[in-house]
Amino acid sequence: MRRKKKVQLSKDEIFLFDYLFRHRVASGKTIYRDIFSKYKTSESARIRLSRLRKSGFIRGKYFNNENRDMCYGLTSSTVKEYIEFSRSAYIWKGTNSPNHDIALIDIWKALKNRKIINFMLTEHEYNVRDSSKCSEARLLLGELNPDGYLEISMGSKKFVATLEYERSAKTKARYLDMIDRYYRNKEVKAVFYISEKEHIENQVKRAELEYRTRHQEPKFFYALKEDINCNDKLVFKSVGNKEYKIEMMINDTHTDTNVTDVVHLNSMQSIENIRKTIVTKFFDKNPSSPCAGSTTINHKQI
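Residues numbered from 1 in each chain as written. Predicted model: local features only at pLDDT ≥ 70, side-chain atom pairs only at ≥ 80, totals over all residues. Heavy atoms only, no water.

### A look at the environment of Lys225
Secondary-structure assignment places Lys225 in the loop between β8 (220-224) and β9 (234-237). In this structure, the C-alpha to C-alpha distance between Lys225 and Glu196, residues 29 residues apart in sequence, is 5.1 Å. Apart from residues no more than four positions distant in its own chain, Lys225 is found in contact with Ala103, Asp106, Ile107, Tyr165, Ile194, Ser195 and Glu196. (Helix = DSSP H or I, 4+ residues; strand = E, 2+ residues; numbered from the N terminus. Contact = heavy atoms within 4.5 Å.)

Encoded structure:
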C-alpha cells in the first residue's frame, strides 16, 4: 500500500509497529490496553488506528473472531522502513491464525514480570531477528518451533523453556510427534503447555503418558487458558504418578509489583531435607529437569 500523505508518528506508534511485528496481529481492544492506554477512550485510539491504516502504515480487517473487533497488522512497507530484522529472504506475511495469535497476546501479558522468567521471545521474533538471543534460541530449539521461547531461573540455575498454546485439538499422531521432538531435545528443560479447553489438554496428557517411560522426568507442565491471568498466581502441573506443580506468584504488597515464585512438588520429604538437597545436590544431580526431585522451592529462601 502506498502512503497517501506524510504523518507525524509518536513514540507510541513506533512501539505499536514493533508490537504488531512481534505478535503478527492484534485487536483494537488489545492495542488500546497495551499501547494506547493514555487515550481517554477506546474510540480515540480507534480513530488514531484508522488514520494509520488510511496512511498505509497498518492494515485492518475483520477476522472471524468472536467479538468482531477489528484486527490490525503491519503493511510490508512499514516492516521494511521501521522494523529491525536481518533474516535473508524474509517476506512479511502477517498471520494465518488471528484468533490463536491474539489469544497469545493475553498469555504473554500474564507471563510478564514473573520473577522466574528472565526473558521471553515470541515465535516471530526468534525466527526472523538476528540478535544474539534470537540466534541462540534457534540454535537451542533445533527442529522445534514453539509459540514462545523463555529463559527461566530456578535457584542459581538458568534453564531453557518453551511456551505452547493449543487452541484446537489435533490428532494423536501429531501430538506424539511433538512430544517425541521435545524429549529428544536436550536443551529444552520445560514446556509450559496452555490449552483452550480441558478436552484438548487431556488429549496431550494421554499422548505424553503413552510416550514417556515410567521413570522419566516430565517436561510438560499444563494449564488451561481460562486460568491464565495477570493478577494471580499461575499454576502449571505435570501429569503422571508423581505430580509436579510450578506456581508463579505475584507479591502485590509493594508498589513496584515485586514478584515471588514458589515451586511446589508433592512428595514425602521434609522441608529441612529438601532445603539441604537444593543447596548441595539438587541441580547437579538433576540437570535434565528444572524441578526434578524436590518438594518445595521458595526462591526467596535460596
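### A look at the nonpolar core
Counting 26 residues, the largest nonpolar core has Ile152, Leu163, Phe192 and Phe236 as its most contacted members. Setting aside residues no more than four positions away along its own chain, Phe236 makes contact with Phe192, Ile194, Phe221, Tyr222, Ala223, Ile228, Tyr244, Lys245, Ile246 and Met248. (Core = buried A, V, L, I, M, F, W, Y, C linked by side-chain atoms within 4.5 Å. Buried < 20%, exposed > 50% of the residue type's maximum accessible area, 1.4 Å probe, protein only.)

### Some remarks on the pattern of salt bridges
Taken as a whole and judged by the stated rule, the model has 21 salt bridges. Close ionic contact of Arg129 with Asp18 constitutes a salt bridge, the shortest N to O distance being 2.5 Å. With a gap of 111 residues between them, Arg129 in the loop between α6 (123-128) and α7 (132-141) and Asp18 in helix α1 (residues 11-23) connect regions that are remote in the sequence. Arg129 gets classed as buried once you look at its relative accessible area, which sits at 13%. Here Arg212 ties to Glu208 by a salt bridge, and the two come within 3.0 Å at their closest N and O atoms. With a relative accessible area of 0%, Glu208 lands in the buried category. (Salt bridge = Lys/Arg side-chain N within 4 Å of Asp/Glu carboxyl O.)

### Side note on the sheet that holds strand β1 (residues 26-27)
The strand order across the open sheet formed by three strands is β1-β3-β2, and the pairing between neighbours is antiparallel. Either end of the sheet is taken by a strand with one partner, and the two such strands are β1 and β2 (58-61). Strand direction decides the pairing type here: β2 and strand β3 (residues 71-74), joined by four bridges, are antiparallel. Residue Ile58 lies in a different strand from β3, and its bridge partner there is Leu74. Sheet contacts for α1: β1, β2 and β3; angle to β3, the most-contacted strand, approximately 95 degrees. (Pairing = 2+ DSSP bridges. Axes fitted to C-alpha atoms, helices over the stretch in contact; angles between N-to-C directions.)

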